[in-house]
Amino acid sequence: MTDTVILNYVTFIYFTSFVLYLFRMIFLKEFWARLASFLAWTGFFAHTFALILRWKASYNLGFGHAPLSNLYESLVFFAWSIIILYLAVEWRIKNKSLGAFVVPITFFTMAYASIAPGINNRIEPLIPALQSNWLTTHVVTCFMGYAAFTVAFGCGLLYLWKSGKEAKYSPMFAEKLPPLPALDLLIYQSAALGFVFLAIGIITGSVWAHYAWGAYWSWDPKETWSLITWLVYAIMIHARYVRSWHGKRLAVLAVIGFACMLFTYLGVNLLSSLHSYL
Amino acid sequence: MSKSKNVLRSFFSSIKLTIALLVLLVLLFMAATFIPRPYGIAWLADLYHSPLFYILMGLLSINLIICSINRLPVTLRQCKSTHPPPSVLFENLENERIIFTDKIDAACRAVDASLTAKFSSVKKLKTAKGIIFYREGGRFSLFGVYIVHLSILIIIAAAIIGSVFGLETDVHLQEGESASVIQLNKDKGPYQLDFSVRCDQFVVEFYHTGAPKTYRSDLSFIREGNVVHKGSVLVNHPLTFEGFRFYQSSYGISPETKAVLTYTTAGGKSTDIMVKQGDVFQLPAKKARATVLRVEENIMQLGPAVKLSIEADKKHIQFWVFQHIKEIAEVNPGLLSEVPLFNPGLFKPLVFSLKTIEKRYYTGLRVVRDPGVPFALTGGVFLLVGLITIYFTAHQRIWVLVEQQPQRVKISVNGISNRYSTSLAGKLNRLRQRISGEIAT
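Conventions adopted
- Residues numbered from 1 in each chain as written.
- Chains lettered and ligands numbered in written order.
- Predicted model: local features only at pLDDT ≥ 70, side-chain atom pairs only at ≥ 80, totals over all residues.
- Heavy atoms only, no water.
- Helix = DSSP H or I, 4+ residues; strand = E, 2+ residues; numbered from the N terminus.
- Rg over C-alpha atoms; globule rule 2.2 N^0.38 Å.
- Buried < 20%, exposed > 50% of the residue type's maximum accessible area, 1.4 Å probe, protein only.
- Contact = heavy atoms within 4.5 Å.
- Areas by Shrake-Rupley, 256 points an atom, 1.4 Å probe, with all protein chains shown as cover.
- Lys, Arg positive; Asp, Glu negative; His and termini not counted.
- Charge placed at Lys NZ, Arg CZ, Asp CG, Glu CD.
- Phe/Tyr/Trp six-rings, centres within 6.5 Å; stacked < 30°, edge-to-face > 60°.
- Lys NZ or Arg CZ within 6 Å of the ring centre and 35° of its normal.
- Pairing = 2+ DSSP bridges.

Q: Explanation requested: the overall build of chain B in the structure shown.
A: When helices and strands are tallied, chain B shows 10 helices and 21 strands. Relative to its length of 441 residues, chain B is extended, with a C-alpha radius of gyration of 39 Å against a globular reference of 22 Å. Across its three principal directions, the C-alpha atoms of chain B cover 130 × 65 × 50 Å. Looking at chain B as a whole, 43% of its 441 residues qualify as buried. In chain B, of all internal contacts separated by at least 6 residues, the share reaching a separation of at least 24 is 58%. When the accessible surface of chain B is totalled, it reaches about 24,000 Å², and 58% of it is carbon and sulfur. Charge centroids of chain B, computed over 51 positive and 33 negative side chains, lie 11 Å from each other.

Q: Help me understand the packing of aromatic side chains in this model?
A: Working definition: an aromatic ring pair is given by the centre-to-centre distance plus the angle between the planes. Scanning the entire structure with this criterion turns up 50 aromatic pairs over all chains. When the ring of Phe23 of chain A is compared with that of Phe27 of chain A, the centres are 5.6 Å apart and the planes differ by 75°; the resulting orientation is edge-to-face. Within this pair, Phe23 of chain A and its partner Phe27 of chain A are both found in helix H1 (residues 2-27), separated by 4 residues, close to a single helical turn. Since its relative accessible area comes to 29%, Phe23 of chain A is described here as partly exposed. Its relative accessible area of 47% is what places Phe27 of chain A among the partly exposed residues. Ring geometry for Trp320 of chain B against Phe322 of chain B: centres 6.1 Å apart, planes inclined by 35°, an arrangement best described as tilted. Among the residues examined, Phe322 of chain B registers a relative accessible area of 1% and is labelled buried. Connected via pairs of aromatic rings, a cluster forms that spans Trp41, Phe44, Phe45, Phe77, Phe78, Trp80, Phe143, Tyr146 and Tyr265 of chain A. Against the face of Trp245 of chain A rests Arg249 of chain A, its NZ or CZ located 4.5 Å from the ring centre. Over the face of the ring belonging to Phe100 of chain B we find Arg408 of chain B, whose NZ or CZ atom lies 3.8 Å from the ring centre.

Q: Mind showing me how you'd approach the pairing of strand E21 (residues 409-417) of chain B here?
A: Strand residues, when the strand is regular, have side chains that alternate between the two faces of the sheet. Residue and element names in this part refer to chain B. Taken across its 9 residues, E21 has 7 buried, putting it largely inside the fold. Relative to E21, strand E20 (residues 396-404) is paired through 9 bridges, and the arrangement is antiparallel. Residue pairing across strands places Leu401 opposite Ser412, the latter belonging to E21.

Structure follows, in structure tokens:
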């Protein structure tokens, strides 16, 4: 149970980090961003440690499976994927303003995992449908895709926010944010990364479905929605590459794609689905 | 004629059509998942077998093929006309891409050494302007997009092959029962297998938490009275025989399940009566007949029970006989008088009790034959290879121009990439530094 205790602290750390990223946006002092970033890294290391502990705990209980088997574990892993990808992007673009848009999503995911009604954080053995080597590959690739889409969404929000504010504020303010063309490129690159990961996720899912359900594709709502999400990003990539869509249009597509992704992940459970265990 | 042909071709080769088709498909998929099947509009409820869906997939395929064919010559030209460089390449070059030195031979040696140390094939060309060194890498990257588009077509083909030549159905087999004729789904009628399949045993295991652990059917495949193959089917572990795949898809309690009943009379206890659903047996009093309506392993979370219907003297009564009626009555005082349906002594003076239930399972197998699977797998592999080619490789071309100017020798470094220009810029900077280093030594 130590892992869940650590994860509760991690949720709090992410929240504090998010608040500090906000401070940076308001006061325009890099000091706050450095502190926020430090906390995000701390949260990430504690988060990773908790995941390893949970994995080990499942072996000690005699079940022995990766912590990816129910809604609680998938939310925790989703938050982990977002934060690792965000920190990688922050390190690469050397600008910390994106944190105010992405870190809150990590925090909300963790908070939802601990307070959502009917959520079960116990480590449980795998039901027969999940006893497959494809579980880990399928879930990890899908969530890496989801995380990349989340970063694209954060960039999209920042883009829309900045292009809306630019007229009103001093150039000093705009200088503290990444230039619009760089954001535009980042939206595209994150979306493309998510597109590749989701493709791998869908392919591994199909292979698994072939062994588990007897059909590699059965138009289950989750399958259909993952295809919808994939197609939305396919539209985005083609519109940019061939029709030269840039800037606001791309940012709006990143928001729409993110909404589809969220529905694929959580909304589909409202419909009857073979993926009811997630 | 040729004009209308052109109109048609330009319609199908437009990327606008692709985007419109994709948007339409997305909207249709959304609608189809939201509208509940039994009440929905007929064609939308079965969208994936509707003419509209076939037409859209057909249009998308034609669009994909024509777009790719139209693009191919451009790509091939890109592939061939790499050498010499575009004329503007060395105009207005930033200073950090230029080196000045004094001896042309030394300069050429340094450039050659730097390029060959880093890349395998380096071409050299003497032009009026000067000597041009050239290397090219990742030409394959240009074809990634074709691989992806081809993979989509292969997957669509796989779906067509599967729906035309494939079949799937669900078969319920009780332990010991065998089947050689299967009833196809979608009212396609019976299908005669040239073997028969028998369920020898069905096993369900639970964890101590009560969650299911294993569902397993032990099957035998029989041909001309001989067992030719034996094997177990588990969830996630199907069994293949003669091109048919057998999947564990459901299970249940068979109607053949036997219940062991007794009743007490004034004269004492009756002998054990073995009954299954639908059985009728005589009772000693008033020429009564009892019919077994249901045999349940666990009804209303109250454990095993049998529903009896007793006819005597034109009277007709029904009630449940629970195996654990004592415990149930203790937890719910007054139950037997309030709910006569729960009273095993309703038919006076007999009091029934259920000793045990001898469970027999049936297994629900899904039987599938889909010749489209290898195609779908090929499509998936192509899709993966194509995407990786597009996003993780780049077609990069680098030129180095060495020219003799009146007082000095000028070395210019530049390149073109179809993707990731920042990575190319880094490469060019490193190359320039290396050349400077070579010259210095």
